[in-house]
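Here are the chains, one letter per residue:
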Amino acid sequence: MLQNTKAEKHSYSLKVPGTIKGKVLENNLTGLVMIVDNQEAHFRLIGTFNAYNLLAVYGVARLMGEDKMQ
């Protein structure tokens, strides 16, 4: 799909290299503790699928010009 466009390719991942890289440190009933963009963050969501969703949202926000997490 990208071969005939000038679009840039971006990706997010928990396991392999990507534009936005994350790592789950804890995944329990109190939420997710992750490293996103080399910063630790706590989210009140659980499950690996939510970790991917959070990376996707973070990646879109960064590509739209939002600042890194603080």
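Residues numbered from 1 in each chain as written. Predicted model: local features only at pLDDT ≥ 70, side-chain atom pairs only at ≥ 80, totals over all residues. Heavy atoms only, no water.

So, on to the side chain of Asn50. Position of Asn50 among the secondary structure elements: in helix H1 (residues 48-63). Within the local environment of Asn50, its side chain forms a polar contact with the backbone oxygen of Ile46, the two atoms lying 2.7 Å apart. Non-local contacts of Asn50, meaning those with residues more than four positions away in its chain, are made with Leu32 and Leu45. (Helix = DSSP H or I, 4+ residues; strand = E, 2+ residues; numbered from the N terminus. Polar contact = N/O pair within 3.5 Å; in protein donor to acceptor, adjacent residues only side chain to side chain. Contact = heavy atoms within 4.5 Å.)

Let us now look at the nonpolar core. In a soluble, globular protein the nonpolar side chains are often hidden away together inside. The biggest cluster of nonpolar side chains holds 10 residues, and these are Leu14, Ile20, Leu32, Met34, Val36, Ala41, Phe43, Ala51, Leu55 and Tyr58. Within the residue set of this core, elements represented by two or more residues are strand E3 (31-36), strand E4 (39-43) and H1. (Core = buried A, V, L, I, M, F, W, Y, C linked by side-chain atoms within 4.5 Å. Buried < 20%, exposed > 50% of the residue type's maximum accessible area, 1.4 Å probe, protein only.)

Okay, the sheet that holds E4 next. Across the sheet, four strands lie side by side as E1-E2-E3-E4; this open sheet has mixed pairing. Unpaired on one side and paired on the other, strand E1 (12-13) and E4 mark the two borders of the sheet. Across five bridges, the pairing between E3 and E4 is antiparallel. Residue pairing for E4: Val33 is matched across the bridge by His42. Set on the sheet, H1 makes contact with E1, strand E2 (20-28), E3 and E4; between it and E3 the angle comes to about 45°. (Pairing = 2+ DSSP bridges. Axes fitted to C-alpha atoms, helices over the stretch in contact; angles between N-to-C directions.)

Below, the discussion takes up unusual backbone geometry. With glycine set apart, most residues show a phi of negative sign, and most peptide bonds adopt trans. Positive phi is not limited to glycine here, since Asp37 has a value of about 55°. Locating Asp37 in the fold gives a position in the loop between E3 and E4.

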